[in-house]
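Inside the fold
For reference, the chains in residue letters:
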Amino acid sequence: MGRVPALHEPLKKILGGSTAKVMAEHLDLHTAGDLLHHYPRRYAERGELTRLADLPLDEHVTVVAQVAKAAMKTFNHGKGVRLEVVVTDGSGSLTLVFFGRGAYAREKELIPGRRGMFAGKVSVFNRTRQLLHPDYELLDRDSGADAAEAFAGRLLPIYPACKQFQSWKLTKAVDTLLDLFEAEQWQGLTDPLPPSLRDGRGLAALPDAFRKVHRPRTKADIEDARARLKWDEAFVLQVALARRRHADSQLPAVARKPVAGGILDAFDAKLPFTLTDGQRTVSAEIFDDLATEHPMHRLLQGEVGSGKTMVALRAMLGVVDAGGQAAMLAPTEVLAQQHHRSVTEMMGELAEGGMLGGAEHGTKVVLLTGSMGMPARRQALLDLATGEAGIVIGTHALIEDKVQFHDLGLVVVDEQHRFGVEQRDALRSKGKQPPHLLVMTATPIPRTVAMTVFGDLETSVLDQLPAGRSPIATHVVPAKDKPHFLARTWERVREEIEGGHQAYVVCPRIGDDPGEENGAQPAAKSRSGGATSGPEKGAAEADGERRPPLAVVDVTEQLTKGPLKGLRVEVLHGRMQPDAKDDVMRRFAAGEVDVLVATTVIEVGVNVPNSTVMVIMDADRFGVSQLHQLRGRVGRGSAPGLCLLVTDASEASPARARLGAVAATLDGFELSRIDLEQRREGDVLGQAQSGVRSSLRMLTVIDDEEVIAAAREEAAAVVAADPELEALPDLRTALDALLDEEREQYLDKG
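The paragraphs below set out a description of the structure included in this document. In this text the structure is predicted, and so the values were computed from the model without any measurement.

**Examining the overall build of the protein chain**
Helix and strand counts for the protein chain stand at 27 helices and 21 strands. Long-range contacts, defined here as pairs at least 24 residues apart, represent 74% of the contacts in the protein chain between residues at least 6 apart. Here the protein chain displays about 32,400 Å² of accessible surface, and carbon together with sulfur accounts for 51% of that area.

**Notes on the packing of helix 12 (residues 308-321) against helix 13 (residues 333-347)**
Interaxial distance between helix 12 and helix 13 falls to 11 Å at its minimum, and their mutual angle equals 65°. Of the possible angle classes, the one that applies to helix 12 and helix 13 is roughly perpendicular. Read as a crossing pair, helix 12 and helix 13 show a hand that is right-handed. Residue-level contacts link Thr309, Met310, Leu313 and Leu317 of helix 12 to His339, Val343, Met346 and Met347 of helix 13.

**Notes on the pairing of strand 19 (residues 595-598)**
Residues of strand 19 alternate between two faces, with Val595 and Val597 on one and Leu596 and Ala598 on the opposite face, all of them buried. As paired elements, strand 17 (residues 502-506) and strand 19 share four bridges and run parallel to each other. Bridge pairing in strand 19 places tyrosine 504 opposite leucine 596. Sheet analysis places strand 18 (residues 569-572) next to strand 19, joined by four bridges and oriented parallel. Counterpart to valine 569 in the pairing with strand 19 is valine 595.

**Some points on the packing of aromatic side chains**
All chains considered together, the criterion is met by six aromatic pairs. Plain terms: the ring middles of tryptophan 186 and phenylalanine 210 are 6.1 Å apart, the flat faces sit at 10° to each other, and that makes the pair stacked. Linking tryptophan 186 in the loop between helix 6 (167-183) and helix 7 (195-200) with phenylalanine 210 in helix 8 (residues 206-214), this pair joins segments that are 24 residues apart in sequence. Site record: aromatic cluster; members linked through ring pairs are Phe98, Phe118 and Tyr136.

**Comments concerning the side chain of glutamine 279**
One can find glutamine 279 in helix 11 (residues 277-290). With relative accessibility at 3%, the residue glutamine 279 sits in the buried group. A polar atom in the side chain of glutamine 279 sits 3.2 Å from the backbone oxygen of glycine 307. With near-sequence residues (within four places) excluded, glutamine 279 lies in contact with Ser306, Gly307, Met310, Val311 and Leu462.

**Digging into the sheet that holds strand 16 (residues 472-478)**
Read across the sheet, six strands follow the order 16-21-20-17-19-18 without closing on themselves; strand pairing throughout is parallel. With partners counted over all chains shown, the strands left at the sheet margins are strand 16 and strand 18, one partner each. Strand-to-strand twist across the sheet, computed as the mean angle between neighbouring axes with direction ignored, equals 20°. Sheet topology places strand 17 next to strand 20 (residues 611-616); five bridges connect them, and they run parallel. Its bridge partner lying in strand 20, tyrosine 504 is registered against methionine 614. Sheet strands touched by helix 17 (residues 483-498): strand 16, strand 17, strand 19, strand 20 and strand 21 (641-647). Its angle to strand 20, the strand with the most contacts, is close to 160°.

**Focus on helix 19 (residues 552-561)**
Buried within helix 19 are the following residues: Val552, Val555, Thr556 and Leu559. The arc that holds every buried residue of helix 19, seen down its axis, measures 100°, which confines them to one face. Opposite its buried face, helix 19 presents the exposed residues Gln558 and Lys561, each directed more than 90 degrees away. Lining the buried residues of helix 19 we find helix 17, strand 17, strand 18 and strand 19.

Conventions used here
Residues numbered from 1 in each chain as written. Predicted model: local features only at pLDDT ≥ 70, side-chain atom pairs only at ≥ 80, totals over all residues. Heavy atoms only, no water. Helix = DSSP H or I, 4+ residues; strand = E, 2+ residues; numbered from the N terminus. Contact = heavy atoms within 4.5 Å. Areas by Shrake-Rupley, 256 points an atom, 1.4 Å probe, with all protein chains shown as cover. Axes fitted to C-alpha atoms, helices over the stretch in contact; angles between N-to-C directions. Parallel < 35°, antiparallel > 145°, perpendicular 65-115°, else oblique. Left-handed = near helix turned anticlockwise from the far one by under 90°. Buried < 20%, exposed > 50% of the residue type's maximum accessible area, 1.4 Å probe, protein only. Pairing = 2+ DSSP bridges. Phe/Tyr/Trp six-rings, centres within 6.5 Å; stacked < 30°, edge-to-face > 60°. Polar contact = N/O pair within 3.5 Å; in protein donor to acceptor, adjacent residues only side chain to side chain. Arc of directions from axis to C-beta.

As structure tokens, then:
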């Protein structure tokens, strides 16, 4: 086997069992490579003011400060002692408190003028902020001019740490590791960047980058290291995606070329409106892909209401003309039934045909969901197997083993982020050869994320709204600060209903069940498994302890007894039986319900043009993109839409700033950028992609667009010249490290 590559060496062998155990359990660090890639969060300079004035309460902090005064005090009639040490950094002060015998030992060390790093949880006692029994590391312990000078010039790395393993312990662990690597002259370190790329872009050698990021002498060192380490991450990920695209381009597929005078032409001829320029352009891209002999893999992004379904339907009809079948997958039964209704309505008599390809007869459009009765299900399965049905619309019930297709040519997946990679893969395996794939999403994805998360898909964007769509006005309703605004909200709902329209009220929770799933987006997970600063957590911090989110069940009761008394109010949520859900949606669509109180089940695809107003309760509990999605359910007809974001968040909180951003723009791409800036990458690349943890530590998808775009180009060139990377063994090693089994499967199924 030879020597284990240094990066794979378990930390247990280098740092000892007990240290390695704490690092594995609390920081998810297991190998030498994990620790080398655990980069400092920031750097403290000697004399830098860490602004003690701004310390947050109840958070674990690390501060760099100087002892101003220390005093031993007694309490409990002289029986107890405590040491109170005041430290300062020029912006404010903080009191360190030690009780009992430990107080005497610390009194000798913590004398005025000493400087150190102090770590602990910030609390308040007698209106003074304090750290109780903090851990600390004195920075000027060594005597002698050399030590003082070395300390004076040093940038102190502050690592992402935890209570069990403070930042300076990480510094010591990293120092041990760097010394070992230096002693071995970095043998066994593989450099993923081809030398030509490294030299061509003036990037530092990898050992230099590790030295400079962990032991910088100057700020320029840090910049050099970051520039290099960002490239590693971007390039290796883009090579993985480029290899995926290359492998896909080698797969065989049946070319599906539209036939003149077929069902597509008949459909276009009876359309009561003209397609937008965007719809025409995207359709042309799709038909070009369908005409080739390798499978299309295309992501179709479009704002809510931009006409994606129309583009997808035309693609499906083109495939039917070419003798194939098309399947559309929806994430929920409600949505599958709605797609089926809207497709059959758009097609009219063309959806009542017989055999495939018979334009004058049209084709059959069948629905297949889990809750269908046996006779209807048996007939649908038969129509698919014989080819009688050219188009099938359904939920994941389509993926079951029993479902056989005559000749599956195209799979359309609606709302990518709701649908597991494995499920898409199972449906693709239903064709005799891999079918073409079109993925639709109404969640605008910034270009960098599309290049990173969906880098194996070609992207089309529909950014114009069809004529006749009404503008949506959005306002923030600060219910806690201005209760009369909330009263006015319900008056506005009544006014819309008296004008013949309908309303949605959205709540984050169903109610009745404490263990239920919340409708709002969860906070992102950090690498160490704890929740990080997702939008919800940001709001929680800003607003102190919060009540539980409002629930559909409770809000409905309050509204029907209070401000909306006498109106026809119904509920809709995920725990209802599928037929009950469909019944409510059908009656709402038919105008038999005035107000629908729902969870986010209505976020995707529900289309009721007569609904003009949406009230979102506890709006700060939802992510920015999710609010934008929800808002897109109103203003779908000729009357203007109104969206009211009700919140208890205080005016100065980040939560209110987020809601203000949503109210200020209808541009989903701008909002998705804001959303990403707040959630960062953890759950964009991690949780969003079948639970794979983010491989990005230095690169930020939102700020490093140029690096990602350049890395994509370089990766495409490398893979085109050498698909198996035979000439680049170090790059292969780095790829293998990135593509652990789980991630490999995710990319394979992309």
